[in-house]
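Summary of structural features
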Amino acid sequence: MTLTDTRTGTPAESVAAPAGQRPAGGPAAVWARLWALRSGRAALVAVGLLVLVALTAPWLAALEGQDPNSFHDTLLNSASGGSPNGAFGGIGAQHWLGVEPTTGRDLFARLVYGARVSLGVAVGATLGQLLLGLLVGLAAGLANRGRGGRWADALLSRVTDLALALPTFFFSIALLAVVPPSFPRPLLLGLILSGLGWAPIARIVRAETRVLREREYVAAAVLTGASTWRIARREILPGLVAPVATYTAIVLPQNMVAEAGLSFLGLGVRPPTSSWGQMLSTATTWFQVDPTYVLVPALTLLVCVLTFAGLGEALRVAFDPKAPVPTRTRRIRIRRKAAKAAGAAQAPARPVGATTTAPEAGHPAVATAVPSQKGEAR
Amino acid sequence: MTDPVLQVSPDLPVSPAVQVSPVLQVRDLRVVHPGPVTALDGLSFDLAPGQVLGLVGESGSGKSAAALALLGLHRRTATTVTGEILLHRPDRPVLDVNAASDAELRTARGPELAMVFQEPLTSLDPYRRIGTQIATAYRLHTGASRPEARQRTAEVLERVGIDPKRARDYPHQFSGGMRQRVLIAMALALRPRVLVADEPTTALDVTVQAQILRLLDELRAETGMALVLVSHDVGVVGGLADEVVVLRQGRPVERGATGRLLGAPEHPYTRQLLEAVPRLDAPLPERKAPAADDVLVSVEGLRVDFGSVRALRGVDLTVRRGETLGIVGESGSGKSTLGRTLVRLQDPTAGAVRFEGADLAAWRGRELRRRRHELQMVFQDPTSSLNPRRLIGDSVAEPLRVQGGHDEAALRAEAVGLLERVGLSAEHADRYPHQLSGGQRQRAAIARALILRPKLIVCDEPVSALDVTTQAQVVALLRELREEFELTLVFIAHDLAVVRSVSDRVAVMRGGEVVETLAAAELTRPRHEYTRALLDAVPRLEAVVSPG
Amino acid sequence: MLRPARIALFTAASVALTGSLAACGAGSGSSAGGSSDAFSAANCQGGTLRVLDSAKNSKGFDPAVLYTSGGGAIPRLLFRTLTTRQSVPGVDGTKVVPDLATDTGKPSENATVWTYHLKAGLKFADGTPITSADVKYGVERSFSPQLAGGPPYLRDWLVGGADYQGPYGSGNTDLASIATPDASTIVFHLRKSEGDFPYLAAETQFAPVPKAKDTGKEYNADPVSSGPYTIAGFTKGRELDLVRNPYWSRSTDQQRLACPDRIDVSLGLSPAVINQRLSSSVGQDANAITTDTSLDAPTLARVSADPALKKRVVTGKFPQIYYLAFNLKKAPFDNQLVREALSYAVDRTALVNAEGGTQLAVPSTTFTPESLTAAHQDYDDFPAGATGNPEKAKQLLAQAGHPNGITVPLAYDTDDTSTGAPAATALQQAFAKAGITLQLQPLSDADFSGTVNTPATQPALTLTSWGADWPSGGPFLTPIFDGRQIVTGGGNFNLAQYNDPAVNAQIDKINQITDYAAAQKQWAALDAQLGKLALTVPLYEEATSVLTGSHVKNAYLDQWRGWYDIATVSVK
Amino acid sequence: MIRFLLRRLLGAAAVLLALAALTYLLFYAMPGDPAQLACGKSCTSDQLAQVRHALGTDQPLARQFWTFLTTLVLGHGFSTGPSTVWCSAPCLGYSYQSNEPVTQMLVERLPVDVSLALGSAALWLLIGVGTGLFAALRPGRWRDRVTNTVVLTLGSTPVFVMALLLLMGACVWLQVLPFPNYVPLTDDPAQWAQNLLLPWLAIALVSAAGYTRLTRAGVLETLNQDHIRTLRAYGYPERRIVLRHAVRGALPTVVTVAAMDIGMVLAGAVFTETMFGLPGLGKLAVESASTVDLPVVCGITLLAGALIVVANTAADLLHAALDPRVRI
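Here the structure is a predicted model, which is why all the values come from computation and not from measurement.

In this section: the UniProt feature "transmembrane region" (unreviewed entry) in chain D. Sequence positions flagged by UniProt for "transmembrane region" (unreviewed entry) are, in local numbering, residues 114-137, 149-176, 196-214, 249-272 and 292-318 of chain D. In the segment residues 114-137 of chain D, helix accounts for 100% and strand for 0%; the C-alpha atoms at its two ends are 34 Å apart.

Strands in a sheet are paired, the pairing made by backbone hydrogen bonds, and the direction either parallel or antiparallel. Residues and elements named next belong to chain B. Taken in spatial order, the six strands make up an open sheet running β6-β7-β8-β3-β9-β10, and their pairing is mixed. A single partner strand is all that each edge strand has here, and the edge strands are β6 (113-116) and β10 (251-257). For this sheet the average axis-to-axis angle between neighbouring strands, irrespective of direction, equals 15°. With six bridges connecting them, strand β9 (residues 243-248) and β10 associate as antiparallel partners. The partner of Arg248 across the bridge, within β10, is Arg251. Running over the sheet, helix α10 (residues 268-276) touches β3 (52-57), β9 and β10 and is turned about 100° from β9.

Residues and elements named next belong to chain B. With nine bridges connecting them, strand β11 (residues 295-306) and strand β12 (residues 309-320) associate as antiparallel partners. Pairing of Arg303 across the sheet is with Arg313, part of β12. In textbook terms, the turn of a hairpin is the stretch between consecutive antiparallel strands, and for β11 and β12 this stretch comprises two residues, one of which, Gly307, has a positive phi near 60°.

Moving on to a positive patch on the surface. Taken together, the side chains of Arg139(B), Arg146(B), Arg150(B) and Arg244(D) present a region of like positive charge at the surface. Inspection of the secondary structure puts Arg139(B) in helix α4 (residues 130-142). Taking the relative accessible area as the measure of exposure, Arg139(B) reaches 31% and is therefore partly exposed.

Next up on the list: the sheet that holds strand β2 (residues 37-47) of chain B. All names here are of chain B. Spatially, β2-β1-β4-β5 is the arrangement adopted by the four strands of the open sheet, whose pairing is antiparallel. In this open sheet, the two strands that pair with only one neighbour each are β2 and β5 (92-96). Going from strand to strand, the sheet's axes swing by 15° on average, the running direction of each strand aside. Pairing analysis gives eight bridges linking strand β1 (residues 24-33) to β2, with the strands arranged antiparallel. If you follow Arg30 over to β2, its bridge partner there is Asp41. The strands touched by helix α2 (residues 63-70) within the sheet are β1, β2 and β4 (80-89), with β1 carrying the most contacts at an inclination of about 120°.

It is worth spelling out the packing of aromatic side chains at this point. If you walk through the whole model with that rule in mind, you get 32 aromatic pairs over all chains. Between Tyr199(C) and Trp470(C) the ring centres are 6.4 Å apart and the planes differ by 25°, which places this aromatic pair in the stacked class. Taken together, the positions of Tyr199(C) in helix α5 (residues 197-200) and Trp470(C) in the loop between β16 (461-467) and α14 (473-481) put the pair 271 residues apart, joining distant regions of the chain. Here the two residues Tyr199(C) and Trp470(C) agree in accessibility, since each one is buried. Residues Phe367(C) and Phe481(C) carry aromatic rings whose centres are separated by 5.2 Å and whose planes lie at 75° to one another, so their mutual orientation is edge-to-face. In this pair, Phe367(C) is assigned in the loop between β13 (361-363) and α11 (390-399) and Phe481(C) in helix α14, connecting sequence segments 114 residues apart. A single burial state applies to Phe367(C) and to Phe481(C), both of which are buried. The aromatic ring of Phe174(B) is capped on one face by Arg166(B), whose charged end is 4.0 Å from the ring centroid. We note Arg143(D) situated over the ring of Phe134(D); from NZ or CZ to the ring centre the distance is 4.2 Å.

The next subject is the domain arrangement of chain B. Residues and elements named next belong to chain B. What the domain assignment lists for chain B is domain 1 (24-112 + 192-276), domain 2 (124-191) and domain 3 (295-387 + 454-537). Here domain 1 and domain 2 have C-alpha centroids that lie 24 Å from each other. With both chains or domains summed, domain 1 and domain 2 bury close to 1,300 Å², and 68% of this area falls on carbon and sulfur atoms. Of all residues in domain 1, Pro192, Leu215 and Leu219 give up the largest surface area on contact with domain 2, accounting jointly for 33% of the area buried on that side. Summed over the shared surface of domain 1 and domain 2, the number is five residue pairs in polar contact (both at pLDDT 80 or more). Looking at the side of domain 1 that touches domain 2, the element that brings in the most residues is helix α7 (residues 206-223), giving nine residues. Here the residues of the side of domain 1 that touches domain 2 are counted per class, giving 10 nonpolar, four polar and five charged.

A few words on the interface of chain D and chain A. Taken together, the contact pairs 59 residues of chain D with 52 residues of chain A. Together, the buried faces of chain D and chain A total about 4,800 Å²; carbon and sulfur atoms form 78% of this surface. Connecting chain D to chain A are one salt bridge. We note a salt bridge from Arg213(D) to Glu313(A), for which the minimum N-O separation is 3.8 Å. Secondary-structure elements contributing two or more residues to the side of chain D that touches chain A are α1 (2-28), α6 (142-156), α7 (159-173), α8 (189-223), α10 (238-266), α11 (270-276), α12 (281-290) and α13 (294-322) of chain D. For the side of chain D that touches chain A, the class distribution of residues is 41 nonpolar, 12 polar and six charged.

We now examine the state of the cysteines. Residue and element names in this part refer to chain C. In this structure the tally under the stated criterion is two disulfides over all chains. Two residues share a disulfide in this structure: Cys44 and Cys259, whose sulfurs sit 2.2 Å from each other. Residues Cys44 and Cys259 are joined by a disulfide whose S-S torsion is about -75°; by sign, that bridge is left-handed. Of this pair, Cys44 sits in the loop between α1 (6-9) and β1 (48-52) while Cys259 is found in the loop between β9 (239-244) and β10 (262-266), placing the two residues 215 residues apart along the sequence.

This part takes up the interface of chain C and chain D. In this complex, chain C contributes 42 residues to the contact, which on the side of chain D involves 41 residues. Summed over both sides, the interface between chain C and chain D buries roughly 3,800 Å², with carbon and sulfur atoms accounting for 54% of that surface. Summed over the shared surface of chain C and chain D, the result is one salt bridge. Among the salt bridges present, the one from Glu287(D) reaches Lys56(C), with a minimum N-O distance of 3.1 Å. The interface formed by chain C and chain D includes two residue pairs in polar contact (both at pLDDT 80 or more). Of all the secondary structure elements, the ones that give two or more residues to the side of chain C that touches chain D are α6 (271-280) and α13 (445-452) of chain C. It is α13(C) that contributes the most residues to the side of chain C that touches chain D, six residues altogether. Here the side of chain C that touches chain D is composed, by residue class, of 16 nonpolar, 14 polar and 12 charged.

The full count for this structure, using the stated rule, is 80 salt bridges over all chains. Note that Asp285(C) is salt-bridged to Arg277(C), the shortest N-O span being 3.1 Å. The pair Asp285(C) / Arg277(C) is uniform in exposure class, with both members buried. Overlapping salt bridges, with partners in common, bring together Arg230(A), Arg234(A), Glu235(A), Arg390(B), Asp394(B), Glu398(B), Arg401(B) and Glu408(B) in one network.

As a further point, take the UniProt feature "domain: ABC transporter" (unreviewed entry) in chain B. Residues and elements named next belong to chain B. The UniProt feature table records "domain: ABC transporter" (unreviewed entry) at residues 24-274 and 297-536. The straight-line gap between the two end C-alpha atoms of residues 24-274 is 28 Å; of that span, 37% is helix and 28% is strand. Helix makes up 36% of residues 297-536 and strand makes up 27%, while its end C-alpha atoms are separated by 32 Å.

Bringing unusual backbone geometry into the picture now. Look at the link from Ala331(C) to Pro332(C): it is a cis peptide, with omega at 0°. Considering the arrangement of structural elements, one finds Pro332(C) in the loop between β12 (313-326) and α9 (336-345). Here the phi dihedral of Glu199(B) falls at roughly 45°; this positive angle occurs in a residue that is not glycine. Secondary-structure assignment places Glu199(B) in the loop between β7 (194-198) and α7. We classify Glu199(B) as buried; its relative accessible area is 0%. Positive phi outside glycine occurs at Asn554(C), with the angle close to 55°. Topologically, Asn554(C) is positioned in the segment after β17 (536-547).

What counts, and at which threshold
Residues numbered from 1 in each chain as written. Chains lettered and ligands numbered in written order. Predicted model: local features only at pLDDT ≥ 70, side-chain atom pairs only at ≥ 80, totals over all residues. Heavy atoms only, no water. UniProt positions renumbered as here; feature names shortened; annotations may be inferred. Helix = DSSP H or I, 4+ residues; strand = E, 2+ residues; numbered from the N terminus. Pairing = 2+ DSSP bridges. Axes fitted to C-alpha atoms, helices over the stretch in contact; angles between N-to-C directions. Contact = heavy atoms within 4.5 Å. Patch = residues over 30% accessible without salt bridge, like charges linked within 9 Å, V, L, I, M, F, W, Y side chains within 5 Å. Areas by Shrake-Rupley, 256 points an atom, 1.4 Å probe, with all protein chains shown as cover. Salt bridge = Lys/Arg side-chain N within 4 Å of Asp/Glu carboxyl O. Lys, Arg positive; Asp, Glu negative; His and termini not counted. Charge placed at Lys NZ, Arg CZ, Asp CG, Glu CD. Buried < 20%, exposed > 50% of the residue type's maximum accessible area, 1.4 Å probe, protein only. Phe/Tyr/Trp six-rings, centres within 6.5 Å; stacked < 30°, edge-to-face > 60°. Lys NZ or Arg CZ within 6 Å of the ring centre and 35° of its normal. Domains from an automatic or database assignment. Buried area = accessible area lost by both parts, 1.4 Å probe. Polar contact = N/O pair within 3.5 Å; in protein donor to acceptor, adjacent residues only side chain to side chain. Nonpolar A, V, L, I, M, F, W, Y, C, P; charged D, E, K, R; others polar. Disulfide = S-S within 2.5 Å.

This is the structure we're talking about:
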């Protein structure tokens, strides 16, 4: 009996990947889809730029002729609270973004050096979260064969629950105080953020693993006599790439914000290391004198977070075979069609019955985790 | 179909209504999905009140697109529909579904044109009580008061065989068949002139299917509504339709009165389609029966519980070396659980599976993994049984790679050899699963199961997701391979005819138990009443084709 | 033993936006009310004074626990003490005057026994008379561990103070070294000469507490007032309403004017809100002052551009020195040359800027700051100039055997907005030029004193500050340089761990002098003498700028505490 | 239902216990000594020991934790010096710093967080669901794209940046609002609302993005479901389909997530409270963490954990109430 066409509801079998499946063809295909998306391309370019700025910070500062830590007493009006001479915080050819009040340190240099901290901590923390989340999630997701396995799953799930219930922000504050100051601060931030933030990933991975585990190709792999580890590595893990990559793009900016937030509260990296959060923190007292102090780091942070958010969004689309990725020709055609249809009915571009645009059915956690994740950072 | 449109086929049994005037006239209906993909190309037919038109076709034949187009449901999508769909109404002007305004069409949907969908599980609003849903649809078109609507709801529910008290229940509290009845009741409440039923029984068990078909037939007779019955199943259509249109890749290839078309198909495709349909009266191939005492697997008092649900409640069964044991049963009968337990994907709660005399449960850890290759499985869903991220060739070679001891070249040679054996080519080895059709994928899955030269292969509904023509090919392939590789097969399916066509013996399951085991030839003469009920529910093509 | 007073009342919230809290400046003597009408003490009664504070005062008002200088701001409205500070602008504001007592105390010959007589007709807010027993009880309860937090002098000075556990225990609940021969006489027996005892007697520990009304730890919410006002309503952390105490009278109190009928205190406001409300001075806020929020650098930058606002800004100083403390027990600071090198390398301009410019900090080369006028003697033994002399520093380092420079850790308090990160980084930059690499060792407020003030854990170099509990060279120099003040168990402020018997003897000698002016001269000389040893690097002293509401009169920053005396402020 | 609640309660108790133990462990390892802070800087070692004894911090960790637990359940007598006061259950002890009963401190701060949570939730739901619907009605069109972009931008803004920008805009440039300063609702409702407006906006603008997405995705998903096709096939007007049926489909998720988010804000919005000077739980948490005020820290952790658990349970119950398929 033929169920195919009626079940999936797709109008014709010629529509490539059936529902519920992610595109095959490996990273290259995803990359291509990502690049085909205007937002994806923009995000990739922006992320690339950001990484470039972070990596080349010393050269960029040298290009300007400044370094992030030198004080410039002569640029400050000591009688007026130590505010910089000149308009907009002393912006000029020497100091492209002006200088910091009360110290005279160059803001451009501090900004580009700050990118290293922001990006470094965010990337490190995200990697840590991924590693822990994947380990715990995979273990819990695969563990429940047999009674012992069920116990392991229950235990890991409870630990995850506990980790989710932790007032993470508050705990990071406490932990940042516990660890001796000799410990490298950015590393500590990364460790704390990942130690407190792996739970959502573990949860997604566990759920997704359990879905994948029921796929018949996994059963087929079991029948080949493959070990659990091999199955996890070869059958499950590739299937986790899409949800995990998408979630990573959500988590990374969150970590960036968390770092900025902790530095903002004076708990992040230590002076003289510059970080955007610290710059903002200084700015809170100075914004009434000159808004540049707030706007420069705030907009930088915002643009970075936005970039990653955009990347996440684009990744979600790129990984979702059901979402249409406009090729150049296709975009033109849709426009033409829209123009034609403008007179008649307003038409959403999708056939009745074809399930599109819905958040990926496989992992609703991604969709819902976003708002609830933020809670702590409010 | 290019021949001029006929009012009525000359050989159709003459009914007064037909002669009066058609209620629905369809002219050169074309449906084009964005792509552009022409889903339907040039469908035309007339339908008289009380008449049933069957639309038959395999996947991609455009039958569902046609069904949706009849109600104008492609509107507001990127899909374009051309042609005429004329609905004749007494005392009111003819309505062209394609040209009508939104408002006009809206008033026609329901009281004039109604539809029953394939997926009864999802076609009802999960958040509203079924009574409310029926009553709302009724009130929307009749302007009836709430009590009137409630009254009408009770009436129609009663008629479709649902206790009116259950009007306060939510859809999820009903079984699939009952939900389909609710949908039919919703249509019935408005007494539509034309009812379009799009695969109304596909998701249902065969016994439930028979009930729904009977209900539709009764209602047609009672209310005089015309029925468009869309199905992939020639048997279903044949049993109910007065006239049949066969669709292939969007084109109508043949149209005619049911008896004529099924009995003497003119178009080669129709012939091919009919031949592929497994028939319970088809002759069984000659085959040497395996020795009754050479038992490969014996199942003793097997029980499997999932929490409080008992999937298998004490199954006893033997599989002889070299034989094909068919297992048949409706959904929830436990046949898949049995299959998974046979290859030790599932551990028994009680009882044992003995493989070559030894308890399977005794295999543990490393030994289990080492011996896994003796038991293989072919799964139902060809879309999920192959890792979507792996090339076909790699998927087929993977079991050998796990077992170790082969270099890459040998692996590939072996994989390609087997792929060629199952009817694919070396070129397919370098494709991804989504680049293959369903039948091709299933062939690859079979190759993968074969590569380790297992002693037993359990095929769990290996063909139920395939079109009939593909299904026939895969079944034929399995038959060949069985001989060539001296396989012992356990073939699980819900389709009696398919099971009969490949099996030496057939076990019939119901509610987690085996009700009887018969030789394949005996299947049409069962001892157990449940088997008989199953047989009776199967739509018989032969009954339509050769009346009398 | 003395300590910085600033921590006392103004436990600053530690996080963000707190801008510059907690800066106590000492009076420059400039008197400036916001209003142009002349102020008349005789005719100032009435109205409601509003106080906008960022501190939360969540510890409440227990005279035993409070750590104030000269009776504090709000505590001074509730508690009268044996002596108190003189409420006048200018240098005279550093004088101690009698309060409950008839005089500032009669010392015995070597200043070890101090006798006080209470004025007649003194009453608590509940109408009961104040007796010497109440004063004694007030002092005694400050010894109980439940009420820890007050200044440490009593424990150190009074005979038997070191072992006394307060009146709550079951054993000996009486401190014999305080005698009350009659209801109006109280005699203190000290174990050593302390010419400054009258200054100590101005602390709230010397406020009377009626034993019958003592509720121990809970006394802080509703203490029995002996001052001009009494608490009508108090929500910790949010607000405090004060109304007149009917049993207080100006006839027995020469210092407090108690002009307003009511004083409404809002607590826990953000500094930004306070400064904005004070500067806009709208409605009720015209009658507002603050007792703890000075203008921070950014606000100052804005305010100084507005002439109308500038008129309402009062500036002053509190004798407090910010300095680098060497640990002489740790290399390389056991070597005077290295210490001198650091003294030369320091860039005071960068520090002053980091602090918020010249209106908020003044460079200082002496340990005793200029604002402690009587005890100040100018010297600059290692002239670093305005921005440091790295060449000279390098030369000295080379002499000391460090031709390639040195690397040393610098501990600082991250929660202290003044001695925190800005100053530390400024130092780091300046020292780098002289080949001195500072490794910053940030410590949280909770951790700072435990680490720095315990010799066992004390780092080699600490950025810290020191203020006086009362305007005298004694409490300024003794804890820092008296070798007998090195406390190994914690609470050590002699960070140099400097112990010279000759200096110790010198200190003892000055302590016996009961004549204020004579004693201060001696302290100043001692400071100059110690300065040559480079035991510390004095950096700067802090200045304060504060705004008042436009209707506020007679608000001046006194030179004792560097802040308004609410008891003399008027809104009418 | 009862069983579900009981199981939830038990699970919550276990999580809270673990949470409290973890908090104790963590703060026990903190470098600061609460006794040192209470005693003052110039505290001698003898005095310090006395204060430690008075606070009970000289006890071993396990013992302190046990005392904390028994105090919570049974209440405890606390010596004030001259007498003993009884702190009845649920007693979280007394603050090391201010000597106030912790329970009372929490009760005093909770109204701030309740005001903050409810007000901002109302706003973010209004904004989020509104824009989500706005975008979903014409998916892929310009207004959908513009909405998505705006919402993504707002949602990506760190809340402290948002707060800063709002402060700058409203209080400095436009000067339409004074710097916020919390006024209790019971004191002056108008002032309460005026002072909370910016904090509400800060949280709502940042949070709304999630709801826009949820609503948009939920509505579009529902619109693509089979039962919507049924409605179309029965001639339901499109407006009615979207506004009644599609929104109904998005509702359970939106409400569930909102309940959980409200729990999060209730449990303390550190940045918002710090930036706007709101005396809420989050601010108290940060303050007491920096002074190692263990009873307060533990009290807040427990309360916050409990609030989150309650919110999640409420979310589940709401979900069950809104989705007849879900049984509990």
